[in-house]
Amino acid sequence: MNIMVYGILHRHSMSQSKNAMDIKAVVFDMDGVLIDTEKYLTTFWCQAANEAGFPMTMEHALEIRSLSGPFASKKLKSIFGDSFDYEKIRSRRKELMNTHLKEKGIEIKPYVKECICELRDVGYRLAVATSTDSIRTEKYLREISIFEYFNNIICANMVSNGKPEPDIYIYTCNKLGLDPSQCVAIEDSPNGVESAYRSGMNVIMIPDLAPADEHTKKMLNFSIKSMAELPETIKQLQLL
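All residue numbers refer to positions counted from 1 along the written sequence of the respective chain. For a predicted model such as this one, the threshold for reporting local features is a pLDDT of at least 70, and the threshold for listing and counting side-chain atom pairs is 80 or more; totals across whole chains, interfaces and linings nevertheless cover every residue. Side-chain metrics rest on all non-hydrogen atoms present in the structure, leaving aside hydrogens and water.

**Concerning the confidence of the model for the chain**
Here is step 1: On a range of 0 to 100, pLDDT expresses the predictor's confidence in each residue. When pLDDT is averaged along the chain, the result is 91, and 92% of the positions lie at 70 or above.
Here is step 2: Whether two residues are in contact is decided by their heavy atoms: any pair within 4.5 Å suffices. Note on residues 7–18: pLDDT is under 50 here. Beyond four places in sequence and across chains, it has 19 contacts.

**Focus: the packing of aromatic side chains**
Here is step 1: Between the rings of Phe, Tyr and Trp (Trp by its six-membered ring), a pair exists once the centres lie within 6.5 Å; its type follows the angle of the planes, with under 30 degrees stacked, over 60 edge-to-face, and the other angles tilted. The final tally for this structure, using the stated rule, is 6 aromatic pairs.
Here is step 2: Three or more aromatic residues joined by ring pairs form one cluster here, namely F54, F80 and F84.
Here is step 3: The side chain of R142 reaches across the aromatic face of F147, ending 3.9 Å from its centre. A ring is scored as having a charge over it whenever the NZ atom of a lysine or the CZ atom of an arginine sits within 6 Å of its centre and within 35 degrees of its normal.

**Thoughts on the nonpolar core**
Nonpolar side chains in soluble globular proteins tend to end up buried together.
Here is step 1: Among the nonpolar cores identified, the biggest contains 56 residues, and F28, L34, F150 and L230 are the most heavily contacted of them.
Here is step 2: Starting at the N terminus, helices and strands are each numbered in turn, a helix being any DSSP run of H or I of at least four residues and a strand any DSSP run of E of at least two. Among the elements that make up this core, the one with the highest residue count is helix α2 (residues 38–51) (7 residues).
Here is step 3: Sequence-distant contacts of F150, that is, excluding residues within four places in its chain, are made with F28, L34, I116, L126, A127 and V128.
Here is step 4: Put simply, buried Ala, Val, Leu, Ile, Met, Phe, Trp, Tyr and Cys residues joined by side-chain atoms within 4.5 Å make one nonpolar core. Burial classification: accessible surface area is computed with a 1.4 Å probe over protein chains only, and a residue below 20% of its type maximum counts as buried, one above 50% as exposed, and the rest as partly exposed. In this structure, A127, L178, M201 and A212 belong to the second largest nonpolar core, which totals 21 residues.

**Examining the side chain of R65**
Here is step 1: Mapping R65 onto the fold places it in the loop between α3 (58–63) and α4 (69–80).
Here is step 2: Sequence-distant contacts of R65, that is, excluding residues within four places in its chain, are made with E38, T42, D188, S189, P190, N191, L209 and A210.

**Section: the packing of helix α8 (residues 167–176) against helix α9 (residues 190–199)**
Here is step 1: With their axes 7 Å apart at the nearest point, α8 and α9 run at an angle of 50 degrees to one another. Overall, the two elements α8 and α9 adopt an arrangement that is oblique. Read as a crossing pair, α8 and α9 show a hand that is right-handed. Residues I168, Y169 and I170 of α8 lie in contact with α9, whose contacting residues are G192, S195, A196 and S199.
Here is step 2: In this classification, the charged set is Asp, Glu, Lys and Arg, the nonpolar set is Ala, Val, Leu, Ile, Met, Phe, Trp, Tyr, Cys and Pro, and all remaining amino acids, among them Gly, are polar. In terms of residue class, the contact of α8 with α9 is made up of 4 nonpolar, 3 polar and no charged. What counts as an axis is a line fitted to C-alpha atoms, over the stretch in contact for a helix, and the angles between N-to-C directions run from 0 to 180 degrees. By the definition adopted for this analysis, an angle is roughly parallel if under 35 degrees, roughly antiparallel if over 145, roughly perpendicular if from 65 to 115, and oblique otherwise. Crossing chirality is assigned from the near helix's rotation relative to the far helix, an anticlockwise turn below a right angle marking it left-handed and a clockwise turn marking it right-handed.

**Notes on the side chain of S195**
Here is step 1: Examined against the element boundaries, S195 turns out to sit in helix α9.
Here is step 2: Take S195: its relative accessible area is 0%, and that puts it in the buried class.
Here is step 3: Sequence-distant contacts of S195, that is, excluding residues within four places in its chain, are made with K163, P164, E165, P166, I168 and Y169.

**Overview of the pattern of salt bridges**
Here is step 1: What makes a salt bridge here is a side-chain nitrogen of Lys or Arg within 4 Å of a carboxyl oxygen of Asp or Glu, nothing more. Evaluated as defined, the whole model comprises 18 salt bridges.
Here is step 2: Note that K24 and D22 form a salt bridge whose closest N and O atoms lie 3.5 Å from each other.
Here is step 3: The exposure class of K24 is partly exposed, given its relative accessible area of 35%.
Here is step 4: On the basis of relative accessibility, which here comes to 41%, the residue D22 falls in the partly exposed class.
Here is step 5: Between R142 and E148 there is a salt bridge, with its nearest N and O atoms 2.9 Å apart.
Here is step 6: According to the relative accessible area criterion, E148 is exposed, its value standing at 55%.
Here is step 7: Connected via shared salt-bridge partners are D36, K39, E107, K109 and D208.

Following this line, the structure appears as structure tokens:
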């Protein structure tokens, strides 16, 4: 197993760092972590924007991964100008993606079911914190038969501010009845990592479309290659 460990212990006090962490819950992002949809989100963002006359590239699309609507809109307007009609282009992107998913179905990421079963069996509470709305989140998770595994499912429309603001992770911890230090977030994108980090949670990244940059690495406890490594990585986190 090739686990990359990052120096994030400055978030914890000296007294806390001398004792094993008391991790009680694991909170998963959805797109790019549980389901293999990020590659389609980026592809169809580019297609929809280009259809509207904006030369959006994969690099631009990667920058808005996990961003909530207001932040994504602001980001794209800063790149393409105020004439970028975020809602109209987003609607077209959703149309393209819905057509694709209707034809091909939702793809579960490797080792997801095995991992969440193992974590649940050893006593961790499980939750989802996603930038996707409630209706699609439930549909996707039911389609891959893991909806019932989670104690709580928190979606973007349940909080005032989406990622990279920390609201969704703070709210998730509150719903779990736990302090953020007792929870670990599993993220695949820099914006999601920032949201979890700012909430005070521990953060493990499983990069999907791009590796962590230097700024993102500073917010991580661990970076791992796949969900197969997660149970053992959480055991290591407990010992820090």
